[in-house]
Amino acid sequence: MTYQTILVETHERVGLIRLNRPQALNAINRQLTEELLSALDGFDKDAGIGCIVITGSEKAFAAGADIKEMQAQEFATMYAGDWFGNWERMAAVRTPVIAAVSGFALGGGCELAMMCDFILAADTAKFGQPEIKLGVMPGMGGSQRLTKLVGRSKAMEMCLTGRMMDAQEAERAGLVSRIVPATELVDEALKTAATIAAMSLPAAMMVKEAVNRADQVPLSEGLRFERRLFHSMFALEDQKEGMAAFVEKRKADFKHR
Ligand code: CO8
């Protein structure tokens, strides 16, 4: 499939999606949304892909939803068309997804990064929810996911003032898993993704499902869910292989990848 707003590559078992609207700092319009969701879905259905990386350019991961596209909208068209509702399709992606963020990740860009399973940040990354400066508020999960990730106080301040957070602050706050030099970001993200893609795919999917469950249910239910998944893993060939490889002091060769 050919896309106009994204570039798609495959690196062995890793799918790489680059947002590619440089003239608009990768602002997320409807075309980019559809193309990105379609590429994600394609990789997710591909048994040869064990991890996906989403990245932008050096200057911008994405500078938000496309303001020029939204500007003329009315309540009726927004509501009836359920603008941004289609992002819920991203929750259906079962393959792990890494956001590799360099430069601006603002508004919908920050929200897209937070929809991924974790964020690797370049030392140049800048995160923010500046919607309030446009007279609106986050609409793709910013008020909810940012609050869960960095806590109420910082999320409230970010959303109320629209100020940006640099990579160091984002790491301290728990928004990003780690910081790497900007020049190494994509290589490091691909390396991390290759590590994940070399694991048992059902095990990686169960990890993703269990960690995501922590956002949805009380601790007692989450613990029970985790334990049941753990039990079920003993039906996998990969559990036999992983544990045998440890005992035999060799590298595991997982079948379900
Ligand atoms: N939308 C459309 N175009 C954009 C956007 C955007 N979000 N961001 C940048 N651009 C365009 C600029 O208009 C400019 O185009 P042109 O050359 O034609 O004028 C080009 O990209 C380059 O941008 P700048 O010249 O502004 O570059 P600077 O380096 O000077 O500044 C900034 C970079 C600081 C990132 C600046 O571009 C900026 O502030 N951008 C807007 C950031 C923002 O407010 N983002 C939030 C958008 S709203 C949102 O995401 C809501 C999501 C949820 C909605 C849910 C609804 C239901």
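Our subject is the structure that appears above.
The shown structure was predicted, so the numbers you read here are calculated from the model rather than taken from an experiment.

A.B. asks: Got a minute to help me understand the site of the ligand in this structure?
C.D. replies: Near the ligand there are 24 residues, and of these Lys 59, Ala 63, Ala 65, Ile 67 and Gly 108 occur at the shortest range. The separation between an oxygen atom of the ligand and a polar main-chain atom of Ala 65 is 2.8 Å. Here the ligand, which alone exposes 1,100 Å², has 65% of that area covered by the protein. For the shell around the ligand, the secondary structure elements donating two or more residues are helix 2 (67-70), strand 6 (104-106) and helix 4 (108-115). Element by element, the count of residues in the shell around the ligand is highest for helix 2, at 3 residues. Per-class residue counts for the shell around the ligand are 14 nonpolar, 5 polar and 5 charged.

A.B. asks: Is there a simple way to explain the side chain of Asn 29 in this structure?
C.D. replies: Tracing the sequence through the fold places Asn 29 in the loop between strand 2 (14-19) and helix 1 (30-45). Using a relative accessible area of 11% as the deciding quantity, one classes Asn 29 as buried. Leave out the neighbours within four places in its chain, and Asn 29 touches Arg 21, Asp 66 and Glu 69.

A.B. asks: Explanation requested: the pattern of salt bridges in the structure shown.
C.D. replies: Opposite charge on two side chains lets them pair, provided their charged atoms get close. This model, assessed by the stated rule, comprises 14 salt bridges. Taking the shortest distance from any N to any O, the salt bridge between Arg 89 and Glu 34 comes out at 3.3 Å. Taken together, the residues span a long stretch of sequence, with Arg 89 in the loop between helix 3 (75-80) and strand 5 (97-101) and Glu 34 in helix 1 at a distance of 55 residues. Note that Glu 248 and Arg 250 form a salt bridge whose closest N and O atoms lie 2.8 Å from each other. Accessibility expressed as a relative area gives 49% for Glu 248, which makes it partly exposed.

A.B. asks: Got a minute to help me understand the nonpolar core in this structure?
C.D. replies: A general trend in soluble globular proteins is that nonpolar side chains are found buried together. In this structure, Trp 87, Met 90, Phe 127 and Leu 175 are the most contacted members of the largest nonpolar core, which totals 48 residues. In this structure, Cys 51, Ala 100, Leu 185 and Ile 196 belong to the second largest nonpolar core, which totals 15 residues.

A.B. asks: I keep staring at the sheet that holds strand 5 and nothing clicks. Help me out?
C.D. replies: Sheet strands pair via backbone hydrogen bonds, and the direction of the pair is either parallel or antiparallel. Overall, mixed pairing links the 6 strands, which are arranged 1-2-3-5-7-10 in an open sheet. Each of the sheet's edge strands pairs with one partner strand only, and the pair in question is strand 1 (6-11) and strand 10 (178-180). Each neighbouring strand pair of the sheet contributes to a mean axis angle of 25°, computed without reference to strand direction. Note: strand 3 (residues 51-55) against strand 5, 4 bridges, orientation parallel. Across the sheet, Val 53 pairs through a bridge with Ile 98, a residue of strand 5.

A.B. asks: Explain the packing of helix 4 against helix 5 (residues 142-150) here, please?
C.D. replies: Any two packed helices are characterised by how steeply their axes cross, that is the angle between the axes, and by the distance between the axes. Interaxial distance between helix 4 and helix 5 falls to 10 Å at its minimum, and their mutual angle equals 55°. What the angle tells us is that helix 4 and helix 5 run oblique. Judged by the twist between their axes, the crossing of helix 4 over helix 5 is left-handed. Of helix 5, the residues touching helix 4 (which contributes Glu 111, Met 114 and Met 115) are Gly 142, Arg 145, Leu 146 and Leu 149.

The rules behind each value
Residues numbered from 1 in each chain as written. Predicted model: local features only at pLDDT ≥ 70, side-chain atom pairs only at ≥ 80, totals over all residues. Heavy atoms only, no water. Near = heavy atom within 4 Å. Polar contact = N/O pair within 3.5 Å; in protein donor to acceptor, adjacent residues only side chain to side chain. Areas by Shrake-Rupley, 256 points an atom, 1.4 Å probe, with all protein chains shown as cover. Helix = DSSP H or I, 4+ residues; strand = E, 2+ residues; numbered from the N terminus. Nonpolar A, V, L, I, M, F, W, Y, C, P; charged D, E, K, R; others polar. Buried < 20%, exposed > 50% of the residue type's maximum accessible area, 1.4 Å probe, protein only. Contact = heavy atoms within 4.5 Å. Salt bridge = Lys/Arg side-chain N within 4 Å of Asp/Glu carboxyl O. Core = buried A, V, L, I, M, F, W, Y, C linked by side-chain atoms within 4.5 Å. Pairing = 2+ DSSP bridges. Axes fitted to C-alpha atoms, helices over the stretch in contact; angles between N-to-C directions. Parallel < 35°, antiparallel > 145°, perpendicular 65-115°, else oblique. Left-handed = near helix turned anticlockwise from the far one by under 90°.

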